[in-house]
Protein chains: 2
Amino acid sequence: MILTVTLNTALDITYRVRSLRPHTSHRVSEVLERPGGKGLNVARVLAALGHPVTATGFVGGATGQVVRERLADTPGVRDALVPVSGPTRRTVAIVDPLSGDTTQLNEPGPLITPAEWSAFQGTYGELLRGAAAVALCGSLPPGVPVGAYALLVRTARAAGVPVLLDTSGEPLRRGVAARPDVVKPNAAELAELTGSHEPLKATQDARRRGAQSVVASLGPQGLIATTPEGRWRVAPPRRVHGNPTGAGDSAVAGLLSGFVEHLPWPARLARAAALSAATVLTPVAGEFDRSVYEELRDQVSVTEESSAA
Amino acid sequence: MILTVTLNTALDITYRVRSLRPHTSHRVSEVLERPGGKGLNVARVLAALGHPVTATGFVGGATGQVVRERLADTPGVRDALVPVSGPTRRTVAIVDPLSGDTTQLNEPGPLITPAEWSAFQGTYGELLRGAAAVALCGSLPPGVPVGAYALLVRTARAAGVPVLLDTSGEPLRRGVAARPDVVKPNAAELAELTGSHEPLKATQDARRRGAQSVVASLGPQGLIATTPEGRWRVAPPRRVHGNPTGAGDSAVAGLLSGFVEHLPWPARLARAAALSAATVLTPVAGEFDRSVYEELRDQVSVTEESSAA
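Calculation criteria
- Residues numbered from 1 in each chain as written.
- Chains lettered and ligands numbered in written order.
- Predicted model: local features only at pLDDT ≥ 70, side-chain atom pairs only at ≥ 80, totals over all residues.
- Heavy atoms only, no water.
- Helix = DSSP H or I, 4+ residues; strand = E, 2+ residues; numbered from the N terminus.
- Rg over C-alpha atoms; globule rule 2.2 N^0.38 Å.
- Buried < 20%, exposed > 50% of the residue type's maximum accessible area, 1.4 Å probe, protein only.
- Contact = heavy atoms within 4.5 Å.
- Areas by Shrake-Rupley, 256 points an atom, 1.4 Å probe, with all protein chains shown as cover.
- Pairing = 2+ DSSP bridges.
- Right-handed = clockwise from strand over helix to strand, strands pointing away.
- Salt bridge = Lys/Arg side-chain N within 4 Å of Asp/Glu carboxyl O.
- Axes fitted to C-alpha atoms, helices over the stretch in contact; angles between N-to-C directions.
- Parallel < 35°, antiparallel > 145°, perpendicular 65-115°, else oblique.
- Left-handed = near helix turned anticlockwise from the far one by under 90°.
- Nonpolar A, V, L, I, M, F, W, Y, C, P; charged D, E, K, R; others polar.
- Phe/Tyr/Trp six-rings, centres within 6.5 Å; stacked < 30°, edge-to-face > 60°.
- UniProt positions renumbered as here; feature names shortened; annotations may be inferred.
- Least-squares fit on C-alpha atoms with pLDDT ≥ 70 in both.

Draft legend 1. Examining the overall build of chain A more closely. Within chain A, the regular secondary structure consists of 10 helices and 16 strands. Over its C-alpha atoms chain A spans a radius of gyration of 18 Å, differing by no more than 12% from the 19 Å that the globule rule assigns to 309 residues. Referenced to the eigenvectors of the C-alpha coordinate spread, the extents of chain A come out at roughly 55 × 45 × 35 Å. Considering chain A as a whole, with its 309 residues, one finds that 57% of them fall into the buried category. Put simply, of all contacts in chain A between residues at least 6 apart along the chain, 67% involve residues at least 24 apart. Of the accessible surface of chain A, which amounts to about 12000 Å², a share of 51% is contributed by carbon and sulfur atoms.

Structure representation (structure tokens):
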């Protein structure tokens, strides 16, 4: 079983609206609702790839109830979310059906009490016992200490469970120092962490800060990976157009599934890049176009970088 | 007791967002949730004025549950909403805290089944027995027949209960023909009904189509009323700036409360205009600034028009 942690789960709402114009009124032609938050997106992609997943994190309120109902309808994902008193946040994506352009509104998330954070840590410790790997994903809701991911990384390492961290800002900076097996920043998160806008140099710097392997997602440019076994650049065979939300989460699912299947790094990275591209072609995060994924997987170019680069 | 009908109830969500820019991502700094839909706004204002109100209409799903919880926290409003299988729609108002400019997104509402519509009519008939007046407000959700308001107007008239209709388009056109006591269109709705952009002429035309009295809300220009007892122009003493959502609903509450208190038309109209203006000053519909209301109420200018005009 792969464990995914989403401390700031969300009810992702997607509105189809033609030509959003500020300061006017719009009729929404179509409404989609999905369980959201990066770790739940990762869980849904892993389940679609056939991997049993347990999803934990916080959930609460009427929005949280919808998240749980939707998760119950997702085969392969076990709901181990911890109930809290505050309501799960919403995210609203306003998608223009013609251009695919997306305007995003993100609520801040509920205030987590010290007792709730403590209850989560107990659940997390128990779930780690049955986990082949764990992914710690996304932002921290208010009330959770900024060093939360560092603590969760150390707990996973102490339990002997490989841990991937995908977050940003100060929680990433502290989490990296706790020596996770993999971090997966995007270009902006990597630059913020290291101060460098040159991705290859920055991934090396992130390793020096504590991460054993660093896989940076660079949008249409694909991935760049710096690991103890080597360094690679990974590029999809063609550029895809659509909604990039969730592409990074699908890359995480590709890396984790490849890891538990004992694939070598180049095959893991090819899977991650193909899943990312196939996710851009769907309107919501946590889902991907399976035929595009299968077509791209064998066409992704994975190039090893010399260690002197 | 005053009865308000909201067939397309809503969970009104207000987001404070500085400078909404299409095709970018935004953090929402503050989230407000309120029971919404025109009839529920009217009910909340009536209750705040001290009038016992019963609110009916349809409610369903997780959003509907939040609407009911919030309504239970509103003293003076009795919840007589009829449960349906589809979820109550959301409306999202994105308000810029500096300018007050509002961008509105409205979901379409749940599909009402014939059995649900039939169940509502039974409830409505029973509630009319204890009602001093009834307000029929807002859009129709999918599945409710376009002649629904005409039917509800006739039922109220047969029960001897004075009925106010506030809707638009074809439901308004058909509802007016059923001879409601009052219709309260805004300028656009009145023009669409009558084909005339001259409000005084258009209100007279709307009376010929069946409405006994017509009160048109003209935004910052105030109100214009054509009734069997006379015709009036009503103007607030000064222009107020803010969020106009809900101003029309507060005008309806002013008219209804004045009616059941047996106030003469000029006093009813002054109250409606003052409540409208005091609502523009609050960020959400269904609420008003009480001190502004009390200050404006005695300063509103009500001018009788000669019948030859």
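Draft legend 2. Just the pairing of strand 10 (residues 133-137) of chain B, in detail. Residues and elements named next belong to chain B. Taking burial as the measure, the 5 residues of strand 10 include 5 buried ones, the bulk of the element. With burial as the criterion, each face of strand 10 is covered, one bearing Ala133, Ala135 and Cys137 and the other bearing Val134 and Leu136. Strand direction decides the pairing type here: strand 1 (residues 2-6) and strand 10, joined by 4 bridges, are parallel. Of the residues in strand 10, the one forming a bridge with Ile2 is Ala133. In terms of strand pairing, strand 10 meets strand 11 (residues 163-166) through 4 bridges, oriented parallel. For Leu136, the partnering residue across the bridge sits in strand 11 and is Leu165. With respect to chirality, the unit in which strand 10 leads through helix 4 (residues 148-158) into the neighbouring parallel strand 11 is right-handed.

Draft legend 3. Broad picture of the pattern of salt bridges. Summed over all chains, the structure comprises 33 salt bridges over all chains. Notably, a salt bridge pairs Glu305 of chain A with Arg233 of chain A, separated by 2.6 Å at the nearest N-O pair. Here the residue Glu305 of chain A occupies a position in strand 16 (residues 301-305), and Arg233 of chain A occupies one in strand 15 (residues 230-235), the gap between them amounting to 72 residues. Here Arg271 of chain A and Glu261 of chain A are joined by a salt bridge, their closest N and O atoms 2.9 Å apart. Pair noted here: Arg271 of chain A is in helix 9 (residues 265-280) and Glu261 of chain A is in the loop between helix 8 (247-260) and helix 9, with a separation of 10 residues, a long-range link. Among the residues examined, Arg271 of chain A registers a relative accessible area of 12% and is labelled buried. Through salt bridges with shared partners, a single ionic network connects Glu33 and Arg70 of chain A together with Arg90 and Glu107 of chain B.

Draft legend 4. Local environment of the packing of helix 6 (residues 187-194) of chain A against helix 7 (residues 199-208) of chain A. All names here are of chain A. Close contact between helix 6 and helix 7 brings their axes to 9 Å; oriented N to C, the two are set at 60 degrees. Between helix 6 and helix 7, the angle falls in the class oblique. For the pair helix 6 and helix 7, the crossing hand works out as left-handed. Here Leu190, Leu193 and Thr194 of helix 6 come into contact with helix 7, specifically with Pro199, Ala202, Thr203, Asp205 and Ala206. For the contact of helix 6 with helix 7, the class distribution of residues is 5 nonpolar, 2 polar and 1 charged.

Draft legend 5. Layout of unusual backbone geometry. Unlike most non-glycine residues, Arg179 of chain A shows phi in positive territory, near 70 degrees. Structurally, Arg179 of chain A can be placed in the loop between helix 5 (169-177) and strand 12 (182-183).

Draft legend 6. Highlighting the packing of aromatic side chains. For the structure on display, the rule yields 8 aromatic pairs over all chains. Centre to centre, the rings of Trp117 of chain A and Phe120 of chain A are 5.8 Å apart; their planes meet at 10 degrees, and the pair counts as stacked. Pair noted here: Trp117 of chain A and Phe120 of chain A are both in helix 3 (residues 114-128), with a separation of 3 residues, about one helical turn. Summarising the aromatic geometry, the rings of Phe120 of chain B and Tyr124 of chain B are spaced 5.8 Å apart at their centres and angled 20 degrees between planes, so their arrangement reads as stacked. Of this pair, Phe120 of chain B and Tyr124 of chain B both sit in helix 3 (residues 114-128), separated by 4 residues, roughly a single helical turn.

Draft legend 7. Local environment of the UniProt feature "domain: Carbohydrate kinase PfkB" (unreviewed entry) in chain A. In the numbering used here, UniProt assigns the feature "domain: Carbohydrate kinase PfkB" (unreviewed entry) to residues 12-283 of chain A. With 39% helix and 24% strand, residues 12-283 of chain A has its two end C-alpha atoms placed 12 Å apart.

Draft legend 8. Main features of the sheet that holds strand 3 (residues 25-27) of chain A. Spatial strand order, 3(A)-9(B)-8(B)-2(B)-4(B): 5 strands in an open sheet with mixed pairing. Only two strands of the sheet have a single partner each, and these edge strands are strand 3 of chain A together with strand 4 (30-36) of chain B. On average, adjacent strands in this sheet sit at an angle of 15 degrees to one another, irrespective of strand direction. Where strand 3 of chain A meets strand 9 (residues 102-106) of chain B, 3 bridges bridge the pair, whose relative direction is parallel. From the neighbouring strand, His26 of chain A faces strand 9 of chain B, where its bridge partner is Leu105 of chain B. Against the sheet, helix 1 (residues 38-48) of chain B makes contact with strand 2 (10-16) and strand 4 of chain B, and its axis sits at roughly 90 degrees relative to strand 4 of chain B, the strand it touches most. Contacts between helix 2 (residues 61-72) of chain B and the sheet are confined to strand 2, strand 4 and strand 8 (89-95) of chain B, with strand 4 of chain B contributing the most and set at about 85 degrees to the helix.

Draft legend 9. Region of the structure containing the relation of the copies chain B and chain A. It takes a turn of 180 degrees to lay chain B on chain A, together with a shift of 0.0 Å along the axis; the resulting RMSD is 0.0 Å. The two molecules are tied by a two-fold rotation axis, judged by turn and shift. Closest approach to the rotation axis among the C-alpha atoms of chain B is made by Ala62 of chain B, whose C-alpha sits 2.8 Å away. With an isologous cut-off of 70% or more, the 100% of interface residues of chain B that recur at the interface of chain A puts this contact in the isologous class.

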